[in-house]
Each structure stands twice: as structure tokens, then as C-alpha cells.
Amino acid sequence: VTPNALPRLCVLDDEEGIRRQLVNFLEDFDEFEVIAADSAEQALRLLEETPAAVSLVDVRLPGSHGLDFILQARQRGLCRHFLLHTGSLDMDLSPELEALGLSAQDIFHKPADLAALLERIRALLKS
Amino acid sequence: MIRNPDHDVHIVRPARVVALFTLASAAWIAFSDRLAGALFADSPSSLIWASTVKGWFYVAVVAVALWLTLYRINRQFMAQRRSLAASEERFRLLVENAGDAIYLCAPDGAIVDVNPEASRQTGHDREGLVQMHMRDLDAAEPPASLAAFGQIMPPTKRTSLETDLRRKNGETFPVELSLVSLETEGQAFVIGVARDVSERRRVEEQAKAAKEFLASIINTIPDPVFVKDRLGRFMLVNDALGAVAGSPRQDLLGKRDADFFPRDQAAAYEAGDALVMQTGRIHDFEETITGPDGRTRDIITKKSLFIDAGGEKHIVGVIRDITERKRIQDAMAREKAFSEAVLDSVPGVLYLYDENQRLVRWNKRLETLTHYSAEELGQMHLLDWFGENAEDITPVTEAMRRMEAEGYAAVEARLRTKEGVASLYYLTAVPLVIDGKRYFTGVGLDITARKLAEDELVASRSRINSILDSMPSAVIGLDERGLVTHWNGYAAALSGTSRSEAMGRPLAKVFPLMAPHGQAMETALTERRPTQVERMTVQQDGATHLMDAEFYPLATEGVSGVVLRIDDVTERERLRDMMVQTEKMLSMGGIAAGIAHEINNPLGIVLQATQNLVQRLRPDFAKNVEAATACGTDMESIAAYMKARKLDVFLADIQDAALRASATIRHMLDFSRKSESRRKVCDMAAIIDKALELASSDYDLKKSYDFKKIDIVRDFADDLPAVDCTEIEMEQVFLNLLRNAAQAMATAQPPTVGPRIVLRAYGQPGRLVVEVEDNGPGMPPEALRRAFEPFYTTKPIGVGTGLGLSVSYFIVTRSHGGAMTAVSGPGGGVTFRIELPALEQPEAA
């Protein structure tokens, strides 16, 4: 990690529009280096090269499930924090998610407020 | 009284005296000589002296005896002489004082001597009579005494005859003349004793006349009269008895009852006779008698005992024919029994009072009901019945006045029995005049039971009315003509016609709503089956209400009519609609769950793209300024343009729309939740606190108000009952309620001053209650009724989805088996009340 290197964020979503909105929004602040992946497999590959500080994860994905990705990434030490960004409304905080180190503040339901997302990311990075 | 001297003096008998003297002398001489000789044999001188003494002694004894004898003879003679004189005097007195005339006559009838009575009877003096002959006195022609004198001959013969003697003054008088012939000192006489029987004759004639008088009297008496002797033989009867016996009265004499009357009747008569004989008193016997015509009649025989001068007992009887009287008596008795039966059959007491208000007649029931005896009732005064209290007595006295004035009065008064038990009576009084005397009569009915029943009826009617009035339906009773008989409070409210206006009038007139439905009522009446009219619309309180009406035929036998019930079914219909909608939502929720992801992703793009647009149009953002400059413009111009063309508003609209669509989907999904598996025993207080925490950080809310300015009052009981619930759902329920309350207070015009939310949690038997109370403006009834309806909202578009409360309702009632209500106080404010069934306590189980 270079001293002037920005914290890396990883956006995992199979929907291109979502990825584009998030990446564009987050990049505007010049505080993060943002990468995006449309599948868990791709995301894991990217993170293998360079681990990230925070991942924004869609739950319902083609192929591997978003939660599997979190589990894998955590086990392999590829990312410190995970935020759920889900279109499924039954994704409330459950013991399963808590076991992955998520809190209620880490769950965002689509359509999620970008300002709220930003605020949470900054808070996580500060900790 | 002259004493007979023969009883005092012994008659001296000379022969016996001489013989006794001779024997005694001889015995004395012989005895004394022999004794002297023996004693003085040896002394002759003494013997001589002794003989001398003996001689003197003898002389002395003889002298004494002689004196005694002579004295006695003298006394006897004197006594005889006195006795004779007395006897003569007695005889003289006897003759002179005899009540009968005594004539001493020669055998030929020439009068020799007479006593003074003869002079008194005949008027001739003694001297005149002595010169007369008995035939001169005899007035009979020929003189009856003449033959009699010829018949009596000496030595002694007697006869008697009746004849008339003539007085000196020529009058004659009857005599009974007894003649006795006798011979005295050789001379024959006839003594005639004449008794004046004129008095006896007169008495005898009087007796005969009296007897004839008696006979004429008793024969005049129409009732049979008889006198019987000891043996039951008729001694005296009258013609009436003869007529009854069928024989002339003479033929009855000496005969008995059995000779004329049937055996059993005769036996009864004789038994009566025996009784009278035995008791000596007067007896009445009710008997029957069969006359010669064969008709049997009822009689009363009065019999008494008569004992004549000779001590002979007789039965005197009078027979009274009571056949007719008995017939009348029987008829009267029947009539009396009939009228008494009528009186006694009166359903109550019956009385007749005299002008002094004394009870004079009454029926049996008065005795049995009041327990007074007939004797006691005869003493009763009108006011004795009503006790001491003025309030009991005054109505009676007033009724008496009314009766006097109006000719009739009725009063309700408390009559007392002998024991003082009071019963309420309905009493009537009518004045009447009998034989010039004033009375009043009337009847009394015990109305205690009726009064009780009336009171009960009134109470029950008022109960029924109050039940009917408290019913949330219009209940209207109608008789067979369709006229109103019952009209409850709701009916009055619904129709606008008061009960008093409605009663007895046709339904269509007093309740225009029902006017078009006369046919339904007719059908219910005639076919005796319920008929319905559904979904009539009524404008009430500015809202449209739906009414269902049902006509029920009266079920009671013999009573025709219908009961009309009108229910406000607005609420029911609304709930039904709501349930239909909820069901729709449930199925829609199932579909939505499947497509939520697909919708939310594009929504996410819409929202976030909009946010990015807003972000990249910000004039204070360096990258924006850079890009604008590179494009030959500046952010201010762009902003001005945006504003001029309202692009900023459009962007806000897009954002809002996306959020609303998202919220709608979220709530729709809530309906499809199956949360059974996540049930657990909850700490309700903790759940409420969590909801509070969420509410205070809800960004959605921050837009319209600051939750931190609301005064939150937590009022939780210490030992809340345990309930089984899904925490996340209950959290959402409370969050919804808090959000609802906060929005209501914030959007109120004017906004609520000092907004406050009170959260209460407490236990009740079998349940846990949570109340969420705000002090906002409250909700109008219409809104309150529809609060839980899906998509019903009073909030401005965009502020609520109209699903929050219905989801909460759904969660509480469907998912947790609880209840949820909302009430609005009169001074504003709304309280939502949630009840959840408590878990059964282990120790109680």
C-alpha cells in the first residue's frame, strides 16, 4: 500500500446501471479508488490482485451468492468491511449476517440513498 | 176437743172387787192367826195383844181399801156425767152448724124438729116448720119425697132423692134429700138431710157451657187439636182432626192413632207422646201425616203434658200443616243457596254496609280471605279494614264522598286481615236504599298480584326499552296494519322522528327511508317469513352510510306483526372491503416478493442516477466547475438554466417517485411475510425502545419534523405479561405508530404545541396492552373508522403510502392473534391500543 494510495472500494453488482451510478458517484469525491465487478468470481479475482477496504455487495447475483462472496473474501482476507446493497426486501439483519460481521447500518435496500451510503463508508474507513 | 173420759178412768167392776176382798180377807185371817200362834205360843198374853193388833190392822186396811174403791166409783160417775154433757153439746153444735138442713120427721113426713140450716134454706122459722109436713116443702108435683117416705120402713132403711124445695117466699131450690129411718126408745122417726145443690147445679151448667165453648173453639181452629190419655186414646179432638183422620170427630174418641194413620206414622206419633210423658215439657215434632185422600203432608205437632185433678197424665197436641210453608221454605232455601253460591263465586269479596258503615252482609270469601269469623265481621266498621295510617284511610274516605256525590266510586286501598297482613284491593262502592234505609255495597278484588305483575310489566317494558335503546340498530315494532308499536332510540335518531311522534302511525309516514319497501313488510306479514332490504344509502354526518333492513314476522302465537331491524352496515361493509383488499394485498405481496428485486434494481438506478445528476449539477463541486469551464460555461449558468426550466423540481419529483414506489413495494412485501418461525418470547419494553430509537433516526421523518422535539413519555408496568411475538414485526408496528403520531402532530394546522407521545404498556388478565397516545389534533370519526384500511391515508401525497397502519393492523391481528383499535378523544389526540394474548403462565398451567 503506497502512502498516497486511496482506500479501495469494490462494487459488486450484476446490474451495469447500478455499478455505473455507484462508481461515478464515489469517484467524484476523489477519496477512494473504486473498482467494480459483475460477479462474485470476478470480484474475488480483482481482490486477489489488490484487497479492498470496503465492498458494496448485491446479494442476488448470477452464479455465486453475494453472501458466499462475503464469506470467501473475509476468509481469504481480501476485504475489511462489507455493505449489503440489496433489492431483496427480506434481507433484514439476521444472525447469519451478524455472524459475517454486519450490523443494521450495513444493510442498504435499493433504491438506497447515495448520501447515506457515502456517510457509512466514510465512517467505516475512519474506524 | 173433748177428751173421752173412758181413757182416763178404769171402770169399776163390783163382782171382781167383792171376790178379791173376800179372798184377801180369808188369806190374811188364816195367815195372821197361824203366824201369831207360832210366834206367841208360849205367851198367851202376847197372843191376845197380838190378836188385838192384828184385828186393828185388818180394820185399817179394809177402811183404806173401801175409801179407795168409793173414791174411784165417784170419779167414774163424775166422768161419765161430764162426758155425756159434752157429747150432747157436740151433737147440738153439729146439728145446729151442719151445712145441710136436717129434718126430724115422723114416719109419715110430719116435721118434728129442724136445725137452723133448715130455717135458713126454706125461710121458715123452726116453729113454722115443726107444724109442717115434708110434702109441704116439696115443690115437685107430685112431691117426690112422698113416695120416699112410704118406702122407708124401720128398723133402718135409707134412701136418697133429688127434688126441689119451695121457700117461704115461693122460690124453689134443688136439693139432694137423704132419708134415714130410725127407732129411738120405741118410737120411729125419719131423719131427712136436705143439701142445697143449687150452687152445684150452677157449676155443673157452667162446666157444661165451658165444655161446649171449648168444643166450639177447638172446632173453629183450622189446625187439628187433640187430647190423648195415658194409653194414647183420644179424649178430645176437633173437627179438623176428624177431617184429617177421615171420620167424624165423635168416632175418634177412645181410639188411637194406629186406628186411622199408617203404622209408621202412628209409631212416630206414639214415640213423641212417650217423650212428652217422660220429660213433661212441650215438644215440637216434625212429622208427616197421610190423610184420607192419600196425600201425605208435612206437619209440626206441638205436644204438651197435661195432668188432670186426678193425677192422670194426658197429651195435648196441636197439629200445624206446614206443607206449604215447607215448600216456600225449601224454595227460599234454594234461592238463598243459589244467591249465596252466586255471591261466593264472585272473584273477590262482596260487602253490604249500612248507613253507619257497619258491615251487614258479605260473602264467604271475605271470611276466608280476612280470617275473621262471621261474628267478628258483624262488628266491623268500614274503616277498621285500613289500619291507622292516614295515607291508607284518606283514599277510602274520599271514595265514600265520591260515591255519595257521583253514585259510584272505586279505590285502591290496603285491606288488612285479622293478623294485620295488608293486601292491595280494588274496591267499589254503590249506594242503595232498602226499605227506606241507606246502604252501600260493592266488591273488592285482591290486586296485589296484578299490581306486582303491572309493576313487573312496567319494569320489564322499561328494561326492554332500555335494551332496545342501547342497541346499535334501529328496532321498530309494527302491528298487522303496519302501525308503529315500538320505536327505539336508534330508530328515532335514524329517522329523525321521536318515539312519541312515531307511535301508532304508519311506518312509511314516520320513516321515509322505508317508504319504498312496503312490499317487504307485507310479505313478512302475510307469508310469515323474514324479508330483507339491503344496502340502502343514508346521508349521515356528511357521510354515506349503508343500511340493511330486515322484517321478521312475530313468532308469538296469535300475535301478528313484524319487527323491523335496521343496521348500519357501513362499517361491516367497509371491513369486508378491507378484508377483500387485504386478501388482494396478500396475494399481491406474494407476487411482489418475486419481482421486488427486479423492480428495486431499476428503482435504484432511477434514484441514484437522479442523485448523481443533483450531485453533478452542484455549483460548489470542483469537478463540476472544471467540466463546465471545459465546456465553455459555468455552473451558475447551468444552475440558473435548471432553475428557469424547473429541471431541479423535476429531479426532486423523480427522486420522490422512486422512493414512493420503493416504499409501496416494501409494504406490499410485508403482507407476504411468514414470520411464525421467528416467534419467541419478547421483551415488549425493549421492542418499543428499539422502535423509538429507529423513529428518532428515520431520515424519512426528518424531512417533516424533528422527532427529538417530541416529548416521549414511557409508562411501562413492572411485570408485563410475557407474549410470544416476532420482534422485528412488532418493532415495525410501533415504528409505524410513532411515525403516524409524529406526522399527525407535525402536519396539523396549526402544528401541535408541545407535542407529546405517551407509550403505555401494562398487563390485563390474559393479555398485554400497549397504548400509543398522541396529543395531536385527533381524527374525525370517518377517518378513525377507516384508519386501518389499506391505501387509506389523510396525509398529503408522498408523505405516507396508506399502508403503514393496515400493515400494523395485519401484523397484530393476523400474525399475532391480537386486537388493534384506535380511539380519538373529544379534546383531540388519538390513542392506538394493541392487545396481545399473554402466554399462559407455567405455574398457572
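Residues numbered from 1 in each chain as written. Chains lettered and ligands numbered in written order. Predicted model: local features only at pLDDT ≥ 70, side-chain atom pairs only at ≥ 80, totals over all residues. Heavy atoms only, no water.

> I keep staring at the overall build of chain A and nothing clicks. Help me out?
Broken down by element type, chain A carries five helices and five strands. Along chain A, from the amino end to the carboxyl end, the secondary structure elements read β-α-β-α-β-α-β-α-β-α. Among the 127 residues that make up chain A, the fraction classed as buried is 53%. The long-range share in chain A, meaning contacts at least 24 apart out of those at least 6 apart in sequence, stands at 66%. Counting only carbon and sulfur atoms, one obtains 48% of the accessible surface of chain A, whose full area is about 5,800 Å². (Helix = DSSP H or I, 4+ residues; strand = E, 2+ residues; numbered from the N terminus. Buried < 20%, exposed > 50% of the residue type's maximum accessible area, 1.4 Å probe, protein only. Contact = heavy atoms within 4.5 Å. Areas by Shrake-Rupley, 256 points an atom, 1.4 Å probe, with all protein chains shown as cover.)

> I tried to follow unusual backbone geometry on my own but got confused; where do I start?
The general pattern is negative phi for most residues beyond glycine and trans for most peptide bonds. Along the chain, Lys110(A) connects to Pro111(A) via a cis peptide bond; the corresponding omega equals 0°. As for its position among the elements, Pro111(A) is in the loop between strand E5 (107-109) and helix H5 (114-126). With phi around 60°, Asp30(A) is a residue other than glycine that occupies positive phi space. Among the secondary structure elements, Asp30(A) is positioned in the loop between helix H1 (16-27) and strand E2 (33-37). With a phi close to 55°, Arg535(B) is a non-glycine residue in the positive phi region. Tracing the backbone through its elements, the reader meets Arg535(B) in strand E18 (residues 531-540).

> Help me out: how do you make sense of the nonpolar core in this one?
Here is a general trend for soluble globular proteins: nonpolar side chains tend to be buried in one another's company. Residues and elements named next belong to chain B. In terms of nonpolar packing, the biggest core is built from 43 residues, with Met684, Met730, Phe734 and Leu737 touching the most fellow members. Sorting the residues of this core by element identifies helix H24 (684-696), strand E23 (723-725), helix H26 (727-747), strand E24 (756-764), strand E25 (767-774), helix H28 (804-815), strand E26 (819-824) and strand E27 (830-837) as the ones contributing at least two each. For this core, the element with the highest residue contribution is H26, accounting for nine residues. For Leu737, the residues in contact, after removing those within four places along its chain, are Val772, Leu805, Met820, Phe832 and Ile834. (Core = buried A, V, L, I, M, F, W, Y, C linked by side-chain atoms within 4.5 Å.)

> Sorry, what's going on with the state of the cysteines here?
By definition, a disulfide links the sulfur atoms of two cysteines through a covalent bond. Counted by the stated rule, this structure contains one disulfide over all chains. Each sulfur of the disulfide joining Cys682(B) and Cys725(B) lies 2.4 Å from the other. With the S-S dihedral at roughly -130°, the linkage between Cys682(B) and Cys725(B) falls on the left-handed side. Note that Cys682(B) is positioned in strand E21 (residues 680-682) and Cys725(B) in strand E23, a separation of 43 residues in sequence. Like Cys725(B), Cys682(B) is buried. A disulfide-free cysteine, Cys79(A) has its sulfur positioned 7.0 Å from the sulfur of Cys10(A), the nearest such atom. Accessibility expressed as a relative area gives 7% for Cys79(A), which makes it buried. (Disulfide = S-S within 2.5 Å.)

> Where do I start with the pattern of salt bridges in this structure?
Pairing is possible between side chains of opposite charge, provided their charged atoms come close. Residue and element names in this part refer to chain B. Evaluation of the coordinates by the stated rule reveals 55 salt bridges over all chains. One salt bridge connects Lys451 with Glu412, and the closest N-O pair in it is separated by 3.4 Å. Placement of the pair is Lys451 in helix H15 (residues 448-470) and Glu412 in strand E13 (residues 409-416), with a sequence separation of 39 residues. Classification of Lys451 by relative accessible area gives partly exposed; the value is 29%. Linked through salt bridges whose partners overlap, the residues forming this network are Arg760, Arg767, Glu771, Glu773, Arg833 and Glu835. (Salt bridge = Lys/Arg side-chain N within 4 Å of Asp/Glu carboxyl O.)

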